[in-house]
Amino acid sequence: MEPRFHHPSRILIHRRGVIPEVHNTPALGRGYAHELIAVCECLRAGRTESQTMPLDDTLTVARTMATILDQLGVENHDDMELPC
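Remember, predicted model here, so these are calculated numbers, not experimental data.

Novice: Residues and numbers for the overall build of the protein, please.
Specialist: Looking only at helices and strands, one finds two helices and two strands in the protein. Across the 84 residues in the protein, those meeting the buried criterion constitute 5%. Sequence-distant contacts, at least 24 apart, represent 12% of the contacts inside the protein between residues at least 6 apart. Total accessible area on the protein is roughly 7,800 Å²; 58% of this is exposed by carbon and sulfur atoms.

Right, here's the structure in full:
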């Protein structure tokens, strides 16, 4: 995705052995609107998991990001208990 990843107007999808696909979509809202719409659609349909981004994929991304941050030496204070 191009800059402003949280509300792009264009996405270029690269898949091994396939010509890259360009998807142009007007930006909706100020960010994360597509995710909110998808969550609402899942809830209305009684689904507890997205078919587009299943929980296992979400957890894999979160673990990858945590590994990257660890390797960079970034500390996430939200994960630690702070003294009262």
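Don't stop here, the text continues.
Novice: If you had to explain the pattern of salt bridges to someone new, which residues and values would you point to?
Specialist: Pairs can form between side chains of opposite charge whenever their charged atoms are close. Within the structure shown, the criterion is met by one salt bridge. Note that Arg15 is salt-bridged to Glu21, the shortest N-O span being 2.9 Å. On the basis of relative accessible area, Arg15 is assigned to the partly exposed category, the value being 48%.

Novice: Can you tell me about the confidence of the model for the protein, naming the residues and giving the values?
Specialist: Overall, the prediction assigns the protein a mean pLDDT of 84, with 85% of residues at 70 or greater. The lowest-confidence element of the protein is strand β1 (residues 10-15), averaging 85 in pLDDT; the highest-confidence one is helix α2 (residues 55-72), averaging 93.

Novice: Any chance you could break down the pairing of β1 for me, citing the residues and the numbers?
Specialist: The pairing of β1 with strand β2 (residues 18-24) spans five bridges and is classified as antiparallel. Of the residues in β2, the one forming a bridge with Arg15 is Val18.

Novice: Can you tell me about a nonpolar patch on the surface, naming the residues and giving the values?
Specialist: On the surface, Met53, Val61, Met65, Ile68, Leu69, Leu72 and Val74 cluster together into a nonpolar patch covering about 600 Å² of accessible area. Locating Val74 in the fold gives a position in the segment after α2. Judged by its relative accessible area of 42%, Val74 is partly exposed.

Novice: Go over α2, please, and point to the residues and values.
Specialist: In a regular helix each residue adds 1.5 Å, so 18 residues correspond to 26 Å; α2 covers 26 Å between its end C-alpha atoms and thus fits that length. Of the residues flanking the end of α2, it is Gly73, one or two places downstream, whose phi is positive at about 80°.

Novice: How would you explain the state of the cysteines if you had to name every residue and give the values?
Specialist: Taken as a whole, this structure holds zero disulfides when the rule is applied. This cysteine, Cys40, is not joined by any disulfide, and Cys42 carries the nearest cysteine sulfur, 9.5 Å off.

Basis of the calculations
Chains are numbered independently. Their residues run from 1 in the order of the written sequence. Only residues with pLDDT of at least 70 get local features here, since the model is predicted, and only at 80 or more are side-chain atom pairs given and counted; chain-wide, interface and lining totals rely on the full set of residues. Values reported for side chains reflect all heavy atoms of the structure, with hydrogen atoms and water molecules removed beforehand. In this text, helices come from DSSP runs of H or I with a minimum length of four residues, and strands from runs of E with a minimum of two, each type numbered from the N-terminal end. Relative accessibility under 20% of the residue-type maximum defines a buried residue, over 50% an exposed one, and the middle range a partly exposed one, all with a 1.4 Å probe and only protein chains included. Contact criterion: two residues are considered in contact whenever any of their non-hydrogen atoms come within 4.5 Å of each other. Residue-level accessible areas treat just the shown protein chains as cover; the underlying method is Shrake-Rupley with a 1.4 Å probe. Note on definitions: salt bridges are taken to be side-chain nitrogens of Lys or Arg within 4 Å of carboxyl oxygens of Asp or Glu. pLDDT expresses how confident the predictor is about each individual residue, on a scale running from 0 to 100. At least two bridges found by DSSP between two strands are what make those strands a pair. What goes into a patch is any residue over 30% in relative accessible area without a salt bridge, connected to like charges within 9 Å or, for nonpolar side chains (Val, Leu, Ile, Met, Phe, Trp, Tyr), within 5 Å. The length a helix should cover is 1.5 Å for every residue beyond the first. The term disulfide is used for any two cysteine sulfur atoms that are within 2.5 Å.

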